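Architecture at a glance
Listed here are the chains, written in short residue letters.
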Amino acid sequence: MSKSSREHKTRAPMKINFAVIISSSSRYQKLKERHPLTDPSGDLITELVENAGYSLVLREILPDDRVMIGKYVGNAIGSEKVDAIIVCGGTGVSITDVTIETVRPLLIKTLPGFGELFRKLSYDEIGSAAIMTRALAGVTDQGKAVFCIPGSPQAVKLVMAKLILPETGHILKHAREK
């Protein structure tokens, strides 16, 4: 990274509050029925966010449902407590995977390089199956960063370490410029 690039990033916010929304009908059903529930991807995101020195201010598990995802992401976008939103899961190619299609209209700008680079990083780890990796990042007119990522713990670890945690502050800096 060049000196000017480093200086530019140092003006990015250091305190970032994340909202995490897990899109998983099976986990949501267990939660609703009060069955024992594990959420390895949500737990991993929480751990990585907190280990990076940021805060988690909201965590929800929702079904693969356009209305519910739209409502919760919209509420997070409107919250003064939230800077960045991660929607994990529901990004596959199944007919029930609706996360990206639901969130995209809430963004004023998308970051195509996010999905492109994530697929490249995924390809390096899993090979040609990476063509099914769908991911989305963008910003809202409220100056929030939003990320839609696959639900597998391996994908979460990769995208959080390589893209989301290193760049969220930088994205927020630009999203909030007038």
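Nothing here was measured: the structure is a model prediction, and the numbers come from that model.

Rules used throughout
- Residues numbered from 1 in each chain as written.
- Predicted model: local features only at pLDDT ≥ 70, side-chain atom pairs only at ≥ 80, totals over all residues.
- Heavy atoms only, no water.
- Buried < 20%, exposed > 50% of the residue type's maximum accessible area, 1.4 Å probe, protein only.
- Helix = DSSP H or I, 4+ residues; strand = E, 2+ residues; numbered from the N terminus.
- Pairing = 2+ DSSP bridges.
- Contact = heavy atoms within 4.5 Å.
- Axes fitted to C-alpha atoms, helices over the stretch in contact; angles between N-to-C directions.
- Salt bridge = Lys/Arg side-chain N within 4 Å of Asp/Glu carboxyl O.
- 1 Å grid on protein atoms, 1.4 Å probe; cavity = no way out; pocket = protein on both sides within 12 Å on 5 of 7 lines; lining within 4 Å.
- Points joined across faces, edges and corners; volume = space filled by probe spheres on them.
- Nonpolar A, V, L, I, M, F, W, Y, C, P; charged D, E, K, R; others polar.

**Here's the deal with the pairing of strand S3 (residues 84–88)**
Among the five residues in S3, five count as buried, and that is most of the element. The side-chain alternation of S3 yields two buried faces, one formed by Ala84, Ile86 and Cys88 and the other by Ile85 and Val87. When strand S1 (residues 17–23) meets S3, the two strands line up parallel, connected through five bridges. Along S3, the bridge assignment pairs Ile22 with Cys88. For S3 and strand S6 (residues 145–149), the ladder comprises five bridges, and the chain directions are parallel. Residue pairing in the sheet places Ile86 in a bridge with Phe147 of S6.

**A look at the sheet that holds S1**
Think of a sheet as strands paired side by side through backbone hydrogen bonds, with each pair either parallel or antiparallel. Within the open sheet, the six strands sit side by side as S2-S1-S3-S6-S5-S4. Their pairing is mixed. A strand with exactly one partner marks an edge of an open sheet, and here the two such strands are strand S2 (55–62) and strand S4 (109–110). Lying on the sheet, helix H2 (residues 25–32) is in contact with S1 and S2; it crosses S2 at an angle near 90°. Of the strands in this sheet, S1, S3, strand S5 (136–139) and S6 touch helix H7 (residues 153–175), which is tilted by about 160° from S6.

**Topic: the environment of Ala76**
Position of Ala76 relative to the elements: it lies in helix H4 (residues 66–78). Looking at Ala76, the relative accessible area reads 2%, which means it is buried. On a C-alpha basis, the gap between Ala76 and Val20 in space is 9.3 Å, while along the polypeptide they are 56 residues apart. Residues within four places of Ala76 in sequence aside, it is in contact with Ala19, Leu58, Val82, Ile85 and Lys144.

**Description of the pattern of salt bridges**
Inspection of the entire model under this criterion finds seven salt bridges. A salt bridge links Arg176 to Asp83; the nearest nitrogen and oxygen atoms lie 2.6 Å apart. In this pair, Arg176 is assigned in the segment after H7 and Asp83 in the loop between H4 and S3, connecting sequence segments 93 residues apart. When its relative accessible area of 35% is taken as the criterion, Arg176 is described as partly exposed. With a shortest N-O distance of 2.7 Å, Glu101 and Arg134 are connected by a salt bridge. Placement of the pair is Glu101 in helix H5 (residues 99–103) and Arg134 in the loop between helix H6 (112–126) and S5, with a sequence separation of 33 residues.

**A closer look at the environment of Val82**
By the secondary structure assignment, Val82 is in the loop between H4 and S3. Under the relative-accessibility criterion, Val82 is labelled buried at 3%. Separated by 65 residues in the primary sequence, Val82 and Asn17 place their C-alpha atoms 5.2 Å from one another. Not counting the four nearest positions on each side in its chain, Val82 is found in contact with Asn17, Ala19, Val57, Ala76 and Lys144.

**Notes on the layout of surface pockets**
Its volume calculated, the largest pocket comes out at about 300 Å³. Taken together, 18 residues form the lining of the largest pocket, with Ile126, Thr133, Pro150, Ser152 and Ala155 sitting closest to its centre. Put simply, the parts of the chain that give the lining of the largest pocket at least two residues each are H6 and H7. Take the lining of the largest pocket: its biggest share by element is four residues, from H6. Along the lines of polarity and charge, the residues of the lining of the largest pocket split into seven nonpolar, nine polar and two charged. As a volume, the second largest pocket reaches approximately 200 Å³. Lining the second largest pocket are Ile108, Lys109, Leu111, Val139, Thr140, Asp141, His170, Ile171, His174, Ala175, Glu177 and Lys178. Of the residues that constitute the lining of the second largest pocket, the class distribution is five nonpolar, three polar and four charged.

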